[in-house]
Structures are given as structure tokens and as C-alpha cells.
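Okay, here's what each chain looks like letter by letter:
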Amino acid sequence: MEKTLKQDEIDALFNAARSEVPASGRADTRSRTTPYSFSSAGQISTEQLRAITMLNDLFARNLTHNLSASLRARFQVNLVSAEQIPFNEFLLRIPEISYVASVRLEPLGALSVLQLEMSLAPPIIDLLLGGEGKSGDLREVTDIEESILASVVDIICRELTVAWQPVGLSFSFDRRQMQTQVGRLMSMTEKTLCLSFELRMPHCAGLLNLAFPAVVSNTILRRLTVDWGRMRRHSTETRTRIAERSRAIRFGMSLQLPSVRVAAKAIEDLQPGMVLRFDLPGSTVPQWCAGGQVLGTAQAVRQGSSRAARMERMPEGDS
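Caption draft 1: Representation of the nonpolar core in the model. Residues Trp164, Phe171, Leu195 and Phe197 are the most contacted members of the largest nonpolar core, which totals 51 residues. Top element by residues in this core is helix H5 (residues 143-163). It accounts for ten residues. Non-local contacts of Leu195, meaning those with residues more than four positions away in its chain, are made with Ile52, Asn56, Ser81, Ala82, Trp164, Leu208, Asn209, Leu210 and Phe212. Among the nonpolar cores identified, the runner-up in size contains eleven residues, and Phe87, Phe90, Val100 and Met186 belong to it.

What follows is the structure in C-alpha cells.
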């Protein structure tokens, strides 16, 4: 009778196999040797992935605001994944009915692939034509609808150019590609940088996928790695100097009572010399605020000819 192992039992077996040491007490290094796979060369490192994520989070935020303004509807864009995969694997992920376009990248003169799930097309087109953004049947778009979607792709390319400005690339919409033509844009075995974004609307959600050829992805990763490493490699002297100069920065502060609600009638009848009553206890201590954040409490006092604040509760972490 076969026994089905649970996940924790499988993990225990693997851990035991990894920790096995021969009876001689010396680990056999040959047993830990694994064949090298050239297909794994050039994979995105953790540092590069962090830089790509930061860059595309900026693109997602900007696209969220601009598409919401253009479509006059709530729109949310989130980065889902960033990975390096062969171009033929990217093609296998494209549904049979989908909107695919080529995007030109300058100054490299290369083409990348933009794929938008067709489930997003009906609500986007409906919104741009003055509708409520209702979802529709999954079908191919007409020539007029294709022109409308092209204007949305132009917005996407513009925001990509803004976000990817640190690596010196600009994006421009080339043209829509039929399914049979997409495979000619790159070599099938070429390793591409694939970025996936989730586009969420009130009545539907779908994916926006971008695939960059190797020449572009290598350039992007190299520049990001250099810039990211330069940002992180500050000497001790530099960090000390930055900290010292930061202490001289002046911030806007205020000493104020907590916010209260006052009847509109009381404000309307207010005259000079009148007393406006706040619904606060007489023992309420004013708040010390900076940038809308409460840092502590203090009493308003006078020090010489100037106003001052006597601290009663310091910010957390200060003595």
C-alpha cells in the first residue's frame, strides 16, 4: 500500500540528504558538484532585480495616475514579475486573442514587444467613448477600436520613457503586430527581459507584458548595476559629512491644538473680540507638529522677547 508523504516529510528527507557526511568524517566534495548549465548564465541578480523593481514601481505609479486621468476612472497598475526567459517561452504565454504591438527603443534602434490582454480592451474603449467601462466579449478589435487602443499604448510608452530615463532609453509605439508576425521580431532562443504588470479596473483586470531583446536587457542591467552600486558605495567620511550637514537643515514646525469641529454658524457670527469656544478640555496640551505629523506635546512659553515651546513629551526614540 502506497504512502503519500506530506510536504514537511519531503523537506525533512531532502535536508537529511544534504547533511549526510561519509563515515570517514570528511565530506566528499565530489558529491556536491553539480553540472553547470550555460542556460542559467546572465540571470538577473538580486541587486539587478531590486533596481529593476524600483524603476518599474515608478512606472506603475505614474501610469496609474495618468491612465486614471485619461480614462476618468479608477485604475491601478502593479508590477507582478521581472524575469529573463527565452523569447519562444514568452510567445507561448500570449493568448490566441490578444493585442500585441512592437515598441521602438532609441537610441539602440531595437524593437521590444508589448502585449495587452484583450479582456482589458472593451472597458478601455468604452471609457474613451464616454461609457462606464463595462467589460465585453473576448473578440478581435475593429480598425477604429485599434486606433483607440493605440492612443493608450502611446501613454504607456510615454510613461516608460519617463521611468527609464536613468538608463537613457526612450520608447515609441511602432505598430500593432499580428500573431504570425511577432515571432519575426526576435530570435526564438534569444533570452529576453520580461516584465509583467497587472492592470486593474473597476469591472475587470488583466496583464500588460513587455519583452526586451538581449541587447536591450544587457544594456539596461549593466547601467542599473553601475548606478545602483554607485548609490550604495558611500565612504564613511561621506556618510559622516552628509549626517553633519543634515543636522543644519531647517524644517517647518508648528505648535497647535488638536483639530476640532466648529459649527458653521459660530464662524459666520464671529466678530473681533469674541471668544470662539473649542470642544476641548482646559488641560489639553498643544501638539508639536512637522509636515502634518505629531512629534510630541509642548507648552507655549516666552523666552526673552521670543516665543518658545517647553517640551513635555519628546518624540519616541529621543531622550
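Let's pick the thread back up.
Caption draft 2: Spatial organisation of the sheet that holds strand S10 (residues 306-313). Sheet architecture is open: four strands sit in the order S7-S8-S9-S10, paired in antiparallel fashion. Each edge of the open sheet is held by one strand with a lone partner, namely strand S7 (253-256) and S10. Geometrically, the sheet is characterised by an average inter-axis angle of 45 degrees between neighbouring strands, direction not taken into account. Here seven bridges tie strand S9 (residues 293-303) to S10, and the two strands are oriented antiparallel to one another. The residue of S10 that forms the bridge with Arg302 is Arg307.

Caption draft 3: Representation of the sheet that holds strand S5 (residues 191-200) in the model. Across the sheet, six strands lie side by side as S1-S5-S6-S3-S2-S4; this open sheet has antiparallel pairing. Every other strand in the sheet has two partners, leaving strand S1 (76-86) and strand S4 (170-176) as the edge strands with one partner each. Between one strand and the next, the sheet's axes are offset by a mean angle of 25 degrees, whatever the strand orientation. Of the strand pairs in this sheet, S1 and S5 are connected by ten bridges, and their pairing is antiparallel.

So, how was this worked out
- Residues numbered from 1 in each chain as written.
- Predicted model: local features only at pLDDT ≥ 70, side-chain atom pairs only at ≥ 80, totals over all residues.
- Heavy atoms only, no water.
- Core = buried A, V, L, I, M, F, W, Y, C linked by side-chain atoms within 4.5 Å.
- Buried < 20%, exposed > 50% of the residue type's maximum accessible area, 1.4 Å probe, protein only.
- Helix = DSSP H or I, 4+ residues; strand = E, 2+ residues; numbered from the N terminus.
- Contact = heavy atoms within 4.5 Å.
- Pairing = 2+ DSSP bridges.
- Axes fitted to C-alpha atoms, helices over the stretch in contact; angles between N-to-C directions.

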